[in-house]
Amino acid sequence: MHVAITVNGGLREADVEPRTLLVDFLRDHLGLTGTKIACDTSQCGSCTVHLDGKAVKSCTVLAVQADGTAVTTIEGLASNGALHAVQEAFHEKHGLQCGFCTPGMIMAAVDLLARSSEPTDEEIRHGLEGNLCRCTGYENIVRAVHEAAEVTR
């Protein structure tokens, strides 16, 4: 099947098998490997991207379902060589260790901050609860989201 998806601001077209997951389309067809595959069961959130402005787990969306939509990946957040405020805050507040969950965490945090400019700790934890991290203990991630919220207000 033919799909035409705007990815990180550019129209990308390809022929895909009907069963191709969006995460596989992004990684295998477009070479955007920042979106991670970890659990294959939509439990971990490492594959989170924005689909028409909302955070979704790209392992639960078929590429054909994304036909005609706009997708933003972790690679699409930076602008003019500058990191997005959430990316910068994760770096500054040490919100990552191994980094595997980081793209999904950042994409979920950007979505959260688009809905709430001054989230509480509880709102941040709730907003990120679909994203699992095995390294950080989450405290620095929460601090990073607070920092990004402050910077973007």
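Rules and cut-offs
- What you see as residue numbers is a count from 1 along each chain, following the sequence as written.
- In view of the model being predicted, local features appear only for residues whose pLDDT reaches at least 70, and side-chain atom pairs are presented and counted only at 80 or more, with totals across whole chains, interfaces and linings using the full set of residues.
- Side-chain calculation: all heavy atoms of the structure are included, whereas hydrogens and water are not.
- Note on conventions: DSSP H or I runs of at least 4 residues are helices, E runs of at least 2 residues are strands, and numbering of each starts at the N terminus.
- Using a 1.4 Å probe on the protein chains alone, a residue whose accessible area is under 20% of its type maximum counts as buried, one over 50% counts as exposed, and one in between counts as partly exposed.
- Between two residues, a contact is recorded if the distance between any of their heavy atoms is within 4.5 Å.
- The Shrake-Rupley method, run with a 1.4 Å probe, gives the accessible areas here. Residue values count only the displayed protein chains as cover.
- A residue counts as positive if it is Lys or Arg and as negative if it is Asp or Glu; His and the chain ends are not included.
- One atom stands in for each charge, and that atom is NZ of Lys, CZ of Arg, CG of Asp or CD of Glu.
- What a helix is expected to span follows from its residue count: subtract one and scale by 1.5 Å.
- The split of the chain into domains comes from an automatic or database domain assignment.
- Summed over both partners, the accessible surface that disappears when two parts come together, traced with a 1.4 Å probe, is what is meant by buried area.
- For the purposes of these results, a polar contact is taken to be a pair of N or O atoms within 3.5 Å, where, inside protein, one atom must be able to donate a hydrogen and its partner to accept one; residues adjacent in sequence count only when each atom of the pair is a side-chain atom.
- Note that Gly is not counted as nonpolar here; it falls among the polar residues with everything else outside the nonpolar set of Ala, Val, Leu, Ile, Met, Phe, Trp, Tyr, Cys and Pro and the charged set of Asp, Glu, Lys and Arg.

Draft legend 1. Examining the overall build of the chain more closely. Each helix and strand counted, the chain has 5 helices and 5 strands in total. For the chain, the sequential pattern of α-helices and β-strands runs β-β-α-β-β-β-α-α-α-α. Structurally, the chain occupies a C-alpha span of about 45 × 30 × 25 Å along its principal axes. A total of 153 residues make up the chain; the buried ones form 41% of that total. At a minimum sequence separation of 6, the contacts of the chain that also span at least 24 residues come to 57%. Surface exposure of the chain reaches about 8,000 Å², of which carbon and sulfur atoms provide 47%. Computing the positive centroid from 12 side-chain charges and the negative centroid from 20, the chain places the two 4 Å apart.

Draft legend 2. Structural view of helix H3 (residues 102–115). The first and last C-alpha atoms of H3 sit 20 Å apart over 14 residues, in line with the 20 Å expected at 1.5 Å per residue. Where burial is concerned, most of H3 is hidden: 12 out of the 14 residues are buried. The inward-facing, buried residues of H3 contact strand E3 (48–51), strand E4 (54–57), strand E5 (70–72), helix H2 (85–92), helix H4 (121–127) and helix H5 (139–152).

Draft legend 3. Main features of the domain arrangement of the chain. Assigned domains within the chain: domain 1 (2–76) and domain 2 (85–152). Each of domain 1 and domain 2 has a C-alpha centre, and these two points are 21 Å apart. Each side of the interface is counted separately: domain 1 has 18 residues, and domain 2 has 13 residues. Taken over both partners, the interface formed by domain 1 and domain 2 buries close to 1,100 Å², and the fraction arising from carbon and sulfur atoms is 63%. Where domain 1 packs against domain 2, one counts 6 residue pairs in polar contact (both at pLDDT 80 or more). Elements with a minimum of two residues in the side of domain 1 that touches domain 2: E3 and E4. Residue composition of the side of domain 1 that touches domain 2, by class: 6 nonpolar, 9 polar and 3 charged.

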